[in-house]
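# Residue-level structural notes
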Amino acid sequence: MTVNTKTVKVPIGIRKALWAKITAEPDAAHPTYDATILDLGAAVKGTLAITTATLSIYGDDTEQLRDEAFVSAQVDVETTCSDLELNASVYGHTYSTNDGEDSGKDDHAPYGGYGYLEPVLLKDKSVVFRATFLRRVCAIASSEKSDAATRADSITVQNNAVSFACSADATGSWRARKEFTGDGAEASALAWIKTQFAPT
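### A word on the overall build of the protein chain
- What the protein chain contains, in helices and strands, is 2 helices and 12 strands.
- Counting from the amino terminus, helix and strand elements in the protein chain follow one another as β-β-β-β-β-β-α-β-β-β-β-β-β-α.
- Each principal axis of the C-alpha distribution contributes one length, and for the protein chain these read about 70 × 45 × 45 Å.
- Residue burial in the protein chain is summarised as follows: out of 200 residues, 32% are buried.
- Nonlocal contacts in the protein chain, meaning residues at least 24 apart in sequence, comprise 66% of its contacts between residues at least 6 apart.
- Carbon and sulfur atoms make up 48% of the accessible area of the protein chain, which totals about 12500 Å².
- Taking the average location of the 19 positive side-chain charges in the protein chain and that of its 27 negative ones, the two points are 9 Å from each other.

Following this line, the structure appears as structure tokens:
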């Protein structure tokens, strides 16, 4: 009897949540980013959803052609770090050590780049690290929420949540991904993400 074996390659987690502000968007090139890459905390969740424009052409009572094109995406992020300075940076609020965070009605979230890692399990139980970099994201103002609850017989942890709208840069690219294997794979994947924040 022949055993039907299949390839196994499945993400089993998420690590890192890195963001840096875009400082310039040159023509026909990737954006440039601030030298300070912000660590948004230990990654808990990252859900990416893509929006497309759809084309359908019908004739002879059947669909003759169907195509889709990328329009935008949204990534919903949860981390373990609820920090006022980080929050101000991502949402475009004002922050100072003396005065803390001030949120104004005319604040606008800046564009930035966002990167994260996924450990991916293979059938031989080795792990590949997949690095993902979103080239042009902007925090969605309505995703900034505060969900405080009284402490009762158990403590409910409130992760920090932010949703980013993602769009293509001046080259038409919106995402870059690369996988790393072997010893030091995670470190190599992280180093690759950091190079995306400093395009040449």
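Continuing now.
### Let's talk about a nonpolar patch on the surface
- On the surface, Val8, Val10, Ile12 and Val127 cluster together to form a nonpolar patch covering roughly 270 Å² of accessible area.
- Relative to the assigned elements, Ile12 resides in the loop between strand S1 (9–11) and strand S2 (15–24).

### Here we look at the environment of Glu144
- Mapped onto the elements of the fold, Glu144 is located in the loop between strand S10 (127–139) and strand S11 (160–166).
- Accessibility expressed as a relative area gives 33% for Glu144, which makes it partly exposed.
- For the pair Glu144 and Ser163, spaced 19 residues apart in sequence, the C-alpha to C-alpha distance is 8.1 Å.
- Contact partners of Glu144, with chain neighbours within four places excluded, come to Asn87, Tyr91 and His93.
- Only 3.1 Å separates the side chain of Glu144 from the side chain of His93, close enough to count as a polar contact.

Rules used in this analysis
- Residues numbered from 1 in each chain as written.
- Predicted model: local features only at pLDDT ≥ 70, side-chain atom pairs only at ≥ 80, totals over all residues.
- Heavy atoms only, no water.
- Helix = DSSP H or I, 4+ residues; strand = E, 2+ residues; numbered from the N terminus.
- Buried < 20%, exposed > 50% of the residue type's maximum accessible area, 1.4 Å probe, protein only.
- Contact = heavy atoms within 4.5 Å.
- Areas by Shrake-Rupley, 256 points an atom, 1.4 Å probe, with all protein chains shown as cover.
- Lys, Arg positive; Asp, Glu negative; His and termini not counted.
- Charge placed at Lys NZ, Arg CZ, Asp CG, Glu CD.
- Patch = residues over 30% accessible without salt bridge, like charges linked within 9 Å, V, L, I, M, F, W, Y side chains within 5 Å.
- Salt bridge = Lys/Arg side-chain N within 4 Å of Asp/Glu carboxyl O.
- Polar contact = N/O pair within 3.5 Å; in protein donor to acceptor, adjacent residues only side chain to side chain.

As far as function goes, none of this settles anything; it's purely spatial.
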